[in-house]
Amino acid sequence: MRTKAVWLFLWALLLGLAYAMTPAGTAIQNQASASYIDSAGQPRTTTSNLVTTLVQQVYAFSITPNGPDEANPGQTKNALPGGQVVFAYLVQNNGNGTDTINLSTVQGADDDFDLSSPTIYRDANCNGVLDAGEATPIRSVTLGMGQQACLLVVATVDPNATNGQYGNLNLRGTSQGAPSVTDTDNWARAVATTAGALTASKAASPSGAVAPGGTITYTISGQNVGGSAVYGIPVTVDGTSKTGILIADVLPTGLTVSAMPTGTAGAGTVSIIYDTGSGWQTLTSSALPLTGDGTVKIGMLVEGTGAFFPVGAQYTFSFQAQVPAGASAGTTYSNQAAVQYSPYGGASVDTIYTNSTINTVAASYSVAVGPYGYPEAGATGSYSAGGYTVNRSGDTQTIATAYSGTTVVFRHTLKNTGNASDSFTLSYTGAPSGWACQLVADDLTTPISGPVGPVAVGGTYNFALKCAIPSTYTSSTAVSLTVTATSVGDTSKSDTTTDTVGQVLSGYAVDLAQHGSAGDGDAANDNPPAQSANPGQTVYFPLDVYNAGHNADNYTLSASVPTGWTAVFYPDANCDGLMDTPTPAPVANTGIVNAGATKCFIAAVSVPAGTAPGSNPVTFTATSTANTAISDTVTTAVNVNTVAQVLLDPDRSGTTTSPGTLTYTHTLINNSNTSATCNVSGSGGTHGWTYQYSTDGTSWSNNLSGVNVPANGGTQTIYVRVLVPAGQAVGVVDVNTVTASCTVGSGRASDTATETTTVVGGELSLQKSAVSYVGTSTTVRSSDGSQAYPGDVIEYTIVAENIGTGNLKRVVVADPVPAYTTFLNVSATASGFTGTVLYSTDGTSWSSTPPTSVPTGGTVYVAVDTNGDSTITDADLMPPAAKITITLRVQVQ
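Residues numbered from 1 in each chain as written. Predicted model: local features only at pLDDT ≥ 70, side-chain atom pairs only at ≥ 80, totals over all residues. Heavy atoms only, no water.

Undergrad: Hey, could you run me through the packing of aromatic side chains in this one?
TA: Each aromatic ring pair is specified by the distance between its two centres and by the angle formed by the two planes. Here the structure, examined in full by the defined rule, presents 8 aromatic pairs. For the pair tryptophan 435 and tyrosine 473, a centre-to-centre distance of 5.5 Å together with 85° between the ring planes defines the contact as edge-to-face. One end of the pair, tryptophan 435, is in the loop between β38 (422-429) and β39 (436-441); the other, tyrosine 473, is in the loop between β41 (460-468) and β42 (479-487), and 38 residues separate them in sequence. What makes tyrosine 473 buried here is its relative accessible area of 17%. Between phenylalanine 569 and phenylalanine 620, the aromatic rings sit 5.9 Å apart at their centres with planes inclined by 80°, giving edge-to-face as the arrangement. In this pair, phenylalanine 569 sits in strand β48 (residues 566-571) while phenylalanine 620 sits in strand β51 (residues 614-624), placing the two residues 51 residues apart along the sequence. Like phenylalanine 569, the residue phenylalanine 620 is buried in the burial classification. Put simply, the rings of Tyr218, Phe317 and Phe319 pair up and form one aromatic cluster. Above the ring of tyrosine 218, the side-chain terminus of lysine 202 is found at 4.7 Å from the ring centroid. (Phe/Tyr/Trp six-rings, centres within 6.5 Å; stacked < 30°, edge-to-face > 60°. Helix = DSSP H or I, 4+ residues; strand = E, 2+ residues; numbered from the N terminus. Buried < 20%, exposed > 50% of the residue type's maximum accessible area, 1.4 Å probe, protein only. Lys NZ or Arg CZ within 6 Å of the ring centre and 35° of its normal.)

Undergrad: Looking at this structure, I do not really get the sheet that holds strand β9 (residues 116-122). What am I missing?
TA: The antiparallel open sheet is built from 4 strands, whose spatial order is β5-β7-β11-β9. The open sheet has two free edges, formed respectively by β5 (61-64) and β9, since each of these has just one partner strand. Each adjacent strand pair in this sheet contributes to an overall mean axis angle of 20°, direction not counted. Of the strand pairs in this sheet, β5 and strand β7 (residues 84-93) are connected by 4 bridges, and their pairing is antiparallel. Counterpart to threonine 64 in the pairing with β7 is leucine 90. (Pairing = 2+ DSSP bridges. Axes fitted to C-alpha atoms, helices over the stretch in contact; angles between N-to-C directions.)

Undergrad: Could you clarify how one ought to interpret the sheet that holds strand β63 (residues 780-782) in this entry?
TA: Note on sheets: strands pair through backbone hydrogen bonds, and any given pair is parallel or antiparallel. Pairing in this open sheet of 5 strands is antiparallel, and the strands run β63-β62-β65-β71-β67 from one edge to the other. Both outer strands of the open sheet, β63 and β67 (821-831), are each paired with one neighbouring strand and no more. When strand polarity is set aside, the average angle formed by the axes of neighbouring strands in this sheet is 30°. Two strands pair when backbone bridges link them, and β67 and strand β71 (residues 883-892) are joined in this way by 10 bridges, in the antiparallel orientation. Paired with serine 831 across the two strands is lysine 883, which belongs to β71.

Undergrad: Can you walk me through the state of the cysteines in this structure?
TA: A disulfide bridge is the covalent bond that connects two cysteines by way of their sulfur atoms. Scanning the entire structure with this criterion turns up 4 disulfides. Residue pairing for cysteine 575: its cysteine sulfur links by disulfide to cysteine 600, the two sulfurs lying 2.0 Å apart. Given an S-S torsion of about 100°, the disulfide between cysteine 575 and cysteine 600 has right-handed geometry. Taken together, the positions of cysteine 575 in the loop between β48 and β49 (589-593) and cysteine 600 in strand β50 (residues 598-606) put the pair 25 residues apart, joining distant regions of the chain. (Disulfide = S-S within 2.5 Å.)

Undergrad: Where do I start with unusual backbone geometry in this structure?
TA: One can expect most non-glycine residues to show negative phi and most peptide bonds to be in trans. Here the amide bond leading from glycine 453 into proline 454 is cis, since omega sits at 5°, within 30 degrees of zero. Inspection of the secondary structure assignment puts proline 454 in strand β40 (residues 452-455). Of the consecutive residues threonine 581 and proline 582, the connecting peptide bond is found in the cis state with omega at -5°. Mapping proline 582 onto the fold places it in the loop between β48 and β49. The backbone phi angle of aspartate 238 is positive, close to 55°, even though this residue is not glycine.

Undergrad: Help me understand the side chain of glutamate 755, please; the structure alone is not making it clear to me.
TA: Within the secondary structure layout, glutamate 755 lies in strand β61 (residues 747-759). It is arginine 652 that comes nearest to the buried, bridge-free glutamate 755 among opposite-charge side chains, at 7.5 Å. At a separation of 2.6 Å, a polar atom in the side chain of glutamate 755 contacts the side chain of histidine 666. Setting aside its immediate chain neighbours within four residues, glutamate 755 contacts Arg652, Tyr664, His666, Tyr691, Val720, Asp734, Val735, Asn736 and Val738. (Lys, Arg positive; Asp, Glu negative; His and termini not counted. Salt bridge = Lys/Arg side-chain N within 4 Å of Asp/Glu carboxyl O. Polar contact = N/O pair within 3.5 Å; in protein donor to acceptor, adjacent residues only side chain to side chain. Contact = heavy atoms within 4.5 Å.)

As structure tokens, this is what we get:
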């Protein structure tokens, strides 16, 4: 007998998991994603680390037929004293991986004799007979997940046994896995007899797996191995009483017999009969077909009177049964026949049973993948995704024209067209070099890692292929992408569908012009008019930047000025062509400019002191950061007069994070007619930040002294480094006034420059961890979630934290339910800010109640409602250091 603990384990395993267990070695992968709007107002996405759990092996097997003890054997065989008996068994691996089962036999203690030379053999064709080629004894059998093997135990009856005495024998199995599993309740009995004794065995061809719509040929055979002839028993056929040996077989439910069976016997007269519930009748072709329903019988009667079936006489009965064409994978057809006869004549009746044959419908794996909503092709119509219209036709999806720098999205539907639940590997080919393509779930965000599924028979799965087109890519030739879905159950079965981009045009263009002229299509009025300035002065040119492309873009602003001159760009927030008050921080780029939009700037050109009078050409250029081949340039001039003076220019503004470091540069210009010796120091601002000074950008000090500047426009660059400490709030502004006090000959001169520094920031951190537990208990299986068994629970913890110094808007954390797992529950908490935790399964509809059911492959969304409107919008803010902690629990299938 199995131990109670092992039996309870197997019972729960077989009822709860059965063949749906996840195979050992399967990697369960899970990755979360989040979307949010940063402090600059830009939409962002981020993903967590990938957590992988390896499914461990569960060991379980069974041996049938069961015989719980010696008093209740599972099978009984008759034989002459000194004759052989054959016990047929079936061993099946019910675990989730390959296992080796050690086999042995044990003699009975509550019987009349021991059986001699019990030997175990592999019955390759499962016909219950030891055939030529099978006579190699075995002590173990190795089976894959769900596989089975037929066994024969052959032994000899004690030659000194008397009629009616018996010997008991038990077949025991022990798994080589850890912990070890045993099966020890398989008792069988051999009875010594001098009367007639028939044997009965059954063969199924094919044995084991059978295809849907396939045919199984059953053959029942035996012979008289007793000490005298066998008598028949009374059998009523067609309402008439007859005498003979009756072979009866109950057709397995669903199987159909359409052809006449055949039979032979070494004595007597053979007739083929059947019983649909009204008694035995002679079978003719007109009564066919016969379909099994658990009660329909088919049989053979060997008629004869008296002791008519002699010792050594044999019989054979054979028929064919067809499996339904739509039979599901894993459907089993178990079949066992009964033979009835009389060993002594009169009222004595012996009933013997053949070995059981088990045929299992093999899995037929197949997959179809196609355009969204049309997995089996035949697609029509269109839909919108990623800002483009996607046209469907047959098995192809097309975007007629796309633009560089954009993302094309093709949605797809996969269908399991096989007869077994299956998982599928998704892949794509054909992406040009530089294209960044990714397979994602139907929410168009969650990345797909590993196989998807399992998908039920006839079930579908929606997903998408997203491809980011490089900013520099253009082509008049169509791009063809092939998406492939491959069965995990049978990797030779796959299907493809095609995504096409007709052409790719440039998505970038820019028009830089004097204020009021950008985007008007007239290049003739783009150049700003020339301006006049004294040496040491700064002149200002109002400029507009118009995004003439199809994508939002950020443009680098640059200037070409005479040597020694400087040019700085300032934002003109109200586009009035005048410098704003106070002076904003200078910029090196425009920031994001949406397609068709305009931003305004002031180009400040500083003319060095001592510059010779005359006309000096100046050019300004706006260059796309997405595609540096895209730019526009305007030309103007500065007419300069000479003025003697000492200048420290220009004023500077900049931004940095807290903590952070920013370096400013100023030019100390001596427009005097003799050399100047200067001391440089600063006011230090109002927030206690550290300011350091340098003439080379390498060696730093709290102030500078003895700085020599040549006459007649001689210059010296002054570097100022500001060190912003941690903990400064976003938006804090500090102004440092830098003063150059110079001795010029016998006189003195001085000038100042200001540095305006603004603190900016905002960033979301997303971290994920996992712990696996034994079953649904609180006992930890793996503290890092790296291992789990079928039935184990994996607990994922996701922590989203604002690690910046600015508020974040609309923070939404998404976590998918990974393949090979079943959703249990989800919970979340918020810390560092006040609000209501909301949940969603589609990212649109929100509830404060966690979902109770999420399908495998589905996604859980979590966010915090901070303004009390019961939904998630840009008005929901996550302050610095705030956290959202999510706990997702799933169970390994």
